[in-house]
Amino acid sequence: MKRILIVGGANGIGLAMAMNLVKRPSTEKVYIVDKAPLAEEYRDEKIESVQFDLTAEDYSMFDRFTDIDGLIITAGFGRLALFKDVSEAMINTYFHVNTIPVIRIIHHFYDRLASADDFYCGVMVSIAGFMSSPFFSLYGATKAALKIFIESVNVELEKGGSENRILNVSPGSIKGTSFNGGATDLSETEQLAADIISHIEAKDDLFIPRYDEVFHEVLKRYHTDFRAEGRHSYDYKLQSGRMKS
């Protein structure tokens with residue numbers, strides 16, 4: 001990848017990937033689109049930062065990026081809460097930040113994905129999109145929708161003769177990001193950022209960080225008995241200290 005658009009790149013794992021790419025001599029341009037401004041300390045001559053709210057109706061601004069050969073979408077949020085404690089308005093917000101923007105943006109670049117030319121694409125999804133996740137019911141639903149969308153479009157790309165793929169990156173909790181109100185710490189995310197970029201450039205379609213160490217067994221338990229694993233997940237979150245019962 002030489003000219004890359006990162007949606008959600010002003011902080012967290014998106015920023016970590018931007019900084020990784022900027023360090024490469026081969027990188028010509030990194031476009032960052034985010035609701036938040038890029039902090040002054042991360043500005044670079046290779047970076048062009050654009051502020052944009054993904055809940056906006058008009059997405060025509062994405063049509064300006066005619067020169068990119070890579071698209072990475074990391075925007076999203078989640079808050080631990082029981083569904084009964086989530087306002088109805090927040091239901092719309094979840095889908096209008098986590099799900100619909102990804103689908104709309106990929107639609108803008110679908111011709112590039114479907115072409116014979118190399119086009120690299122990755123989306124931050126979540127392991128929560130693979131299983132029930134109490135206290136994350138809405139977040140998990142937004143990510144499950146992306147999982148099925150990406151899998152379906154990848155088959156369409158394959159059947160259409162394109163070798164390009166959308167990478168589904170589905171981690172668990174990531175340290176060093178502002179995802180759940182924390183602070184961005186690039187030292188915590190540097191290696192993961194490099195790993196994600198490697199999988200995108202390999203045109204892989206799925207990357208689950210720490211799969212062998214953690215999530216192979218978790219997913220196995222889930223498929224064996226999704227009810228029991230859901231109860232385990234509920235109790236784990238309560239005991240983790242990340243929220244009050």
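Refer to the structure above for everything that follows.
Residues numbered from 1 in each chain as written. Predicted model: local features only at pLDDT ≥ 70, side-chain atom pairs only at ≥ 80, totals over all residues. Heavy atoms only, no water.

A. Geometry of empty space enclosed by the protein. Under the definition given, this model contains one cavity of 30 Å³ or more. The calculated volume of the largest cavity comes to roughly 30 Å³. Per-element tally for the lining of the largest cavity: the top contributor is helix H5 (residues 137-159), with three residues. Looking at the lining of the largest cavity residue by residue, the class counts come to seven nonpolar, one polar and one charged. (1 Å grid on protein atoms, 1.4 Å probe; cavity = no way out; pocket = protein on both sides within 12 Å on 5 of 7 lines; lining within 4 Å. Points joined across faces, edges and corners; volume = space filled by probe spheres on them. Helix = DSSP H or I, 4+ residues; strand = E, 2+ residues; numbered from the N terminus. Nonpolar A, V, L, I, M, F, W, Y, C, P; charged D, E, K, R; others polar.)

B. Layout of the pattern of salt bridges. One pass over the full model with this rule turns up ten salt bridges. One salt bridge in this structure joins Lys84 and Asp85, with 3.2 Å as the shortest N-O distance. One salt bridge connects Glu229 with Arg221, and the closest N-O pair in it is separated by 2.8 Å. The class for Glu229 is buried, based on a relative accessible area of 7%. (Salt bridge = Lys/Arg side-chain N within 4 Å of Asp/Glu carboxyl O. Buried < 20%, exposed > 50% of the residue type's maximum accessible area, 1.4 Å probe, protein only.)

C. Molecular detail of H5. With 23 residues, H5 should reach 33 Å at 1.5 Å per residue; the first-to-last C-alpha distance of 33 Å fits that figure. Every buried residue of H5 is listed here: Leu138, Tyr139, Gly140, Thr142, Lys143, Leu146, Lys147, Phe149, Ile150, Val153, Asn154 and Leu157. Looking at the buried positions of H5, the neighbouring elements they touch are helix H2 (88-98), helix H3 (100-108), helix H4 (110-114), strand S5 (120-124) and strand S6 (166-169). Remark: Gly161 follows H5 within two positions and exhibits a positive phi of approximately 95°. (Expected span 1.5 Å × (residues − 1). Contact = heavy atoms within 4.5 Å.)

D. Representation of the sheet that holds strand S7 (residues 206-207). Pairing within the open sheet is parallel, and its seven strands lie in the order S3-S2-S1-S4-S5-S6-S7. The open sheet has two free edges, formed respectively by strand S3 (47-51) and S7, since each of these has just one partner strand. As paired strands, S5 and S6 are joined by four bridges and run parallel to one another. For Met124, the partnering residue across the bridge sits in S6 and is Val169. (Pairing = 2+ DSSP bridges.)

E. Seen up close, the environment of Gly12. One can find Gly12 in helix H1 (residues 12-22). The sequence separation of Gly12 and Ile174 amounts to 162 residues, and the corresponding C-alpha distance is 9.1 Å.

F. Unusual backbone geometry, seen in detail. Even without glycine at this site, Lys203 takes up a positive phi of about 60°. Take Lys203: it is sitting in the loop between helix H6 (186-201) and S7. With a phi angle near 60°, Arg210 is a residue other than glycine that sits in the positive phi range. Relative to the helices and strands, Arg210 resides in the loop between S7 and helix H7 (211-224).

G. Highlighting the pairing of S5. Among the five residues that make up S5, five are buried, leaving the element largely enclosed by the rest of the structure. Side-chain alternation along S5 places Tyr120, Gly122 and Met124 on one buried face and Cys121 and Val123 on a second face that is also buried. The pairing of strand S4 (residues 70-73) with S5 spans four bridges and is classified as parallel. In the strand pairing of S5, Ile72 is matched with Gly122. Handedness of the β-α-β unit built from S5, H5 and S6 comes out right-handed. (Right-handed = clockwise from strand over helix to strand, strands pointing away.)

H. Representation of the pairing of strand S2 (residues 29-34). Of all six residues in S2, six are buried, a share of seventy percent or more. Direction of pairing for strand S1 (residues 3-7) relative to S2: parallel, over a ladder of five bridges. Its bridge partner being in S2, Arg3 is matched across the sheet by Lys29. Running through H1, the crossover from S1 to the neighbouring parallel element S2 is right-handed. Of the strand pairs in this sheet, S2 and S3 are connected by five bridges, and their pairing is parallel.

I. Highlighting the side chain of Asn164. Assignment of secondary structure puts Asn164 in the loop between H5 and S6. Residue class for Asn164 comes out buried when judged on its relative accessible area of 1%. There is a polar contact of 2.9 Å between the side chain of Asn164 and the backbone oxygen of Asp117. Within the structure, the side chain of Asn164 is placed 3.0 Å from the backbone nitrogen of Phe119, a separation counted as a polar contact. Residues in contact with Asn164, not counting those within four places in the same chain, are Arg112, Leu113, Ser115, Asp117, Asp118, Phe119, Leu157 and Lys203. (Polar contact = N/O pair within 3.5 Å; in protein donor to acceptor, adjacent residues only side chain to side chain.)

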